[in-house]
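Residues per chain, in single letters:
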Amino acid sequence: MLTKVECCIMDDETYVKADFKQIPGNLFFTAKDKFSVSEHVRTQKMSKFAKKFLVWQAICTCGKRSAPFVTQDTMNGQVYIKECLQKRLLPLLKAHNVPTIFWPDLASCHYSKDVLKWYADNKVNFVPKMFNPPNTPELRPIEKYWVIMKQHLLKRPKVVKTVEELKKVWVYMQKTVDSQVVQNLMAGVKAKVRAFAYGIFKVL
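Let me begin by describing the structure that accompanies this report. A quick note: this is a predicted structure, and the numbers were derived from the prediction, not measured. (Residues numbered from 1 in each chain as written. Predicted model: local features only at pLDDT ≥ 70, side-chain atom pairs only at ≥ 80, totals over all residues. Heavy atoms only, no water.)

Section: the overall build of the chain
Phase 1: Across its full length, the chain holds 7 helices and 4 strands.
Phase 2: Along the chain direction, N to C, the helices and strands of the chain fall in the order β-α-β-β-α-β-α-α-α-α-α.
Phase 3: Among the 204 residues that make up the chain, the fraction classed as buried is 40%.
Phase 4: By sequence separation, contacts in the chain at least 24 residues apart represent 77% of the contacts at least 6 residues apart.
Phase 5: Taken as a whole, the chain presents about 12400 Å² of accessible surface, with 57% of it coming from carbon and sulfur. (Helix = DSSP H or I, 4+ residues; strand = E, 2+ residues; numbered from the N terminus. Buried < 20%, exposed > 50% of the residue type's maximum accessible area, 1.4 Å probe, protein only. Contact = heavy atoms within 4.5 Å. Areas by Shrake-Rupley, 256 points an atom, 1.4 Å probe, with all protein chains shown as cover.)

Listed below in structure tokens is the structure:
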């Protein structure tokens, strides 16, 4: 399926903590004597049930991105259709003048009956669920995109209180992750999928 198109579009969701200091990641410090480093630097308290937001976005091989969708609610089929597919994915698809394929995340709501109907009604070429391999983050560069975005947020000590506030920060931080970064992340997807499939058939 991937060999018949020029651009692959992937989507996914991730959770972002309202307090950017609590976003998982690495922070590095240098010191002449580790025992002289104050306690608040060596150890930091983390909230067990910290406030968080859900962020959805789609990226593609040619470096384009959809507008992000940010919410504090859970994702379901109707929200996915209205907010993600109709308002954000469709404009991204229409921005292409080359054959594309949409590779959805494997979340159950991405393949609900209503969602499949939306794909059909809008003539979206997509990866069917039966061909969408589970638990293979190495094949989905959007996972690395989340890491990069969260690293930028981690370096920005801030506590967001509302959906609109996080969306504003997220859109601003995207400017530091330009289209070339996205292209580099998505480069080689076809080769990785081909190697993955070859490995499966070789075992079988």
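Quick look at the sheet that holds strand β1 (residues 7–17)
Paired through their backbone hydrogen bonds, the strands of a sheet run either parallel or antiparallel.
Phase 1: Read from one edge of the open sheet, 4 strands run β3-β2-β1-β4, paired in mixed fashion. With one partner strand each, in any of the chains shown, β3 (69–71) and β4 (100–103) form the two edges of the open sheet. Adjacent strand axes in the sheet meet at a mean angle of 20° when their direction is disregarded.
Phase 2: Relative to β4, β1 runs parallel, the two sharing 4 bridges. Within β4, the position partnered with cysteine 8 by the bridge is isoleucine 101.
Phase 3: Contacts from helix α5 (residues 163–174) reach β1, β2 (52–60) and β3, with the element oriented near 35° to β2. (Pairing = 2+ DSSP bridges. Axes fitted to C-alpha atoms, helices over the stretch in contact; angles between N-to-C directions.)

Re unusual backbone geometry
Phase 1: Of note in the backbone geometry, lysine 123 takes a positive phi value of approximately 55° without being a glycine.
Phase 2: The topology assignment puts lysine 123 in the loop between α3 (113–121) and α4 (142–154).
Phase 3: Judged by its relative accessible area of 75%, lysine 123 is exposed.
Phase 4: If you check the backbone angles, asparagine 135 has positive phi at about 55° while not being a glycine.

Considering α4
Phase 1: When the terminal C-alpha atoms of α4 are compared, their 18 Å separation across 13 residues agrees well with the 18 Å that a helix rising 1.5 Å per residue should span.
Phase 2: Among the residues of α4, Ile142, Tyr145, Trp146, Met149, Lys150, Leu153 and Leu154 are the ones counted as buried.
Phase 3: Residues of α4 that are buried sit in contact with β1, β2, α5 and α6 (179–186). (Expected span 1.5 Å × (residues − 1).)

Structural notes on the nonpolar core
Phase 1: By size, the foremost hydrophobic cluster in this structure holds 32 residues, and its most contacted members are Val16, Phe20, Trp103, Tyr145, Leu153, Leu166 and Trp170.
Phase 2: If you list the elements that add at least two residues to this core, you get β1, β2, β4, α4, α5 and α6.
Phase 3: In contact with tryptophan 103, other than residues within four places in its own chain, are Leu2, Cys8, Ile9, Met10, Asp11, Val127, Asn132, Pro133, Leu139, Arg140, Val189 and Val193.
Phase 4: If you look at the next biggest cluster of nonpolar residues, it comprises 24 residues, including Ile9, Cys60, Phe69 and Cys109. (Core = buried A, V, L, I, M, F, W, Y, C linked by side-chain atoms within 4.5 Å.)

So, the packing of α4 against α6
Phase 1: Relative orientation of the contacting elements α4 and α6 amounts to 140°, with a least axis distance of 9 Å. In the crossing of α4 with α6, the sense of the turn from one axis to the other is right-handed. Between α4, through Lys144, Tyr145 and Ile148, and α6, the contact on the second element is made entirely by Val181, Val182 and Leu185.
Phase 2: When its residues are assigned to classes, the contact of α4 with α6 shows 5 nonpolar, no polar and 1 charged. (Left-handed = near helix turned anticlockwise from the far one by under 90°. Nonpolar A, V, L, I, M, F, W, Y, C, P; charged D, E, K, R; others polar.)

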